[in-house]
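If you want the building blocks of each chain, they are given just below.
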Amino acid sequence: MKVFLNKYHHLHHPKAELDGGVFVPPYEKPSRVDMILRALEDAGFPTPIAAGKAEAALIEKVHSKDYLNFLKTAHSDWQAAGLQGEVMANIFPSRSTHLHRPPKDIVGRAGYYALAVETSITETTWTAALGSAATAIDAANAVIAGERATFALCRPPGHHATADQFGGYCFLNNAALAAEAFLDNGAKRVAILDVDFHHGNGTQSIFYARDDVFFTSLHGHPEEEFPYYLG
């Protein structure tokens, strides 16, 4: 089975995340890929194939253009506003607010496009996210070309990313992009089985009103686990 790897994954490496009221080293970090690579090597899997470049047209079928532009420019806009460190949302639209457009200020936009405060954006997060998307797409294309199965080692992950929000360490929805690649190449219907402990809210929301992708998720109860409000 061919293995595909995001060679740029290490470029997303935030310094800290907020957990339980304190800043801690991020739980989602480059060493996770290193552990998986060692396990794959020990199990006899072939050397991973470095992913190529993701097509913008395919990504725009899953994510809104305004959201993609935010991801591309968030860190530079943050710095241009005189803010230091990484982009970290600290204010969000609540149930009592009804603004359905992104604010102009970068602090407001960060919260508008965010699902959760633990996920920050660094100077090179966008490059890493594009590489992760390309990994999923290349793995899907290999199956389209005749491979029986492939393994895409995507980092940053993707299943919490909606069409226009990031969070849960996710920026671009890799599974959704792979599904679109199959559909673009003649598949009539695609099934996605999400076995992460946390509900794949992003993937569900992207395909919820569509009948060409079936999504099912096995996860902890939302009354007890992230993302809490659905699932």
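Residues numbered from 1 in each chain as written. Predicted model: local features only at pLDDT ≥ 70, side-chain atom pairs only at ≥ 80, totals over all residues. Heavy atoms only, no water.

Asks: Please give an account of the pattern of salt bridges that cites residues and values.
Replies: Applying the stated criterion to the full structure yields seven salt bridges. Arg155 is the partner of Glu28 in a salt bridge, and the nearest nitrogen-oxygen pair spans 2.7 Å. In this pair, Glu28 sits in the loop between β3 (22-24) and α1 (31-42) while Arg155 sits in the loop between β5 (150-153) and α6 (174-184), placing the two residues 127 residues apart along the sequence. We note a salt bridge from Glu180 to Arg210, for which the minimum N-O separation is 2.7 Å. Residue Glu180 is located in helix α6, and its partner Arg210 is located in the loop between α7 (201-207) and β7 (213-217); the two are separated by 30 residues in the primary sequence. Accessibility expressed as a relative area gives 6% for Glu180, which makes it buried. Relative accessible area serves as the criterion here: at 29%, Arg210 is assigned to the partly exposed category. (Salt bridge = Lys/Arg side-chain N within 4 Å of Asp/Glu carboxyl O. Helix = DSSP H or I, 4+ residues; strand = E, 2+ residues; numbered from the N terminus. Buried < 20%, exposed > 50% of the residue type's maximum accessible area, 1.4 Å probe, protein only.)

Asks: Can you explain the environment of Val87? Please cite residues and give values.
Replies: Note on placement: Val87 falls in the loop between α3 (65-80) and α4 (106-112). Residue Val87 is classed as buried on the basis of its relative accessible area of 1%. With 19 residues separating them in the primary sequence, Val87 and Ile106 have C-alpha atoms 9.0 Å apart. Setting aside residues up to four positions removed in sequence, Val87 forms contacts with Ala74, His75, Trp78, Ala110, Thr119, Ser120 and Ile121. (Contact = heavy atoms within 4.5 Å.)

Asks: I'd love a proper account of the layout of surface pockets, names of residues and values included.
Replies: Looking at the second largest pocket, its volume works out to about 220 Å³. Lining of the second largest pocket is provided by 14 residues; of these, Lys53, Ala54, Ile59, Trp126 and Leu130 occupy positions nearest its centre. Where the lining of the second largest pocket is concerned, the elements lending two or more residues are α2 (56-62), α3 and α5 (125-144). Looking at the lining of the second largest pocket, the element that brings in the most residues is α5, giving five residues. Along the lines of polarity and charge, the residues of the lining of the second largest pocket split into eight nonpolar, three polar and three charged. (1 Å grid on protein atoms, 1.4 Å probe; cavity = no way out; pocket = protein on both sides within 12 Å on 5 of 7 lines; lining within 4 Å. Points joined across faces, edges and corners; volume = space filled by probe spheres on them. Nonpolar A, V, L, I, M, F, W, Y, C, P; charged D, E, K, R; others polar.)

Asks: Please give an account of unusual backbone geometry that cites residues and values.
Replies: Cis geometry marks the peptide bond from Arg155 to Pro156; its omega dihedral reads 5°. Cis geometry is found at the peptide bond from Phe226 to Pro227, where omega equals 10°. Summarising the element assignment, Pro227 is placed in the segment after β7. Its identity is not glycine, yet Tyr169 carries a phi of approximately 75°, on the positive side. Relative to the helices and strands, Tyr169 resides in the loop between β5 and α6. Of note in the backbone geometry, Tyr228 takes a positive phi value of approximately 70° without being a glycine. Structurally, Tyr228 is set in the segment after β7.

Asks: Any details on the sheet that holds β5? Residues and values, ideally.
Replies: Whether parallel or antiparallel, the strands of a sheet pair through hydrogen bonds between backbone atoms. Strand order in the open sheet formed by three strands is β4-β1-β5, with parallel pairing between adjacent strands. Only two strands of the sheet have a single partner each, and these edge strands are β4 (49-50) and β5. (Pairing = 2+ DSSP bridges.)

Asks: Please provide a residue-by-residue account of the packing of aromatic side chains, values included.
Replies: Enumeration according to the criterion identifies seven aromatic pairs in this entry. Relative to Tyr228, the ring of Phe226 has its centre 6.5 Å away and its plane inclined at 80°; by these criteria the two rings are edge-to-face. Overall, the relative accessible area of 43% leaves Tyr228 in the partly exposed class. Put simply, the rings of Tyr67, Phe70, Tyr112, Tyr113, Phe166 and Phe171 touch in pairs and so form one group of aromatic residues. (Phe/Tyr/Trp six-rings, centres within 6.5 Å; stacked < 30°, edge-to-face > 60°.)

Treat this as a map of the structure, not an account of what it does.
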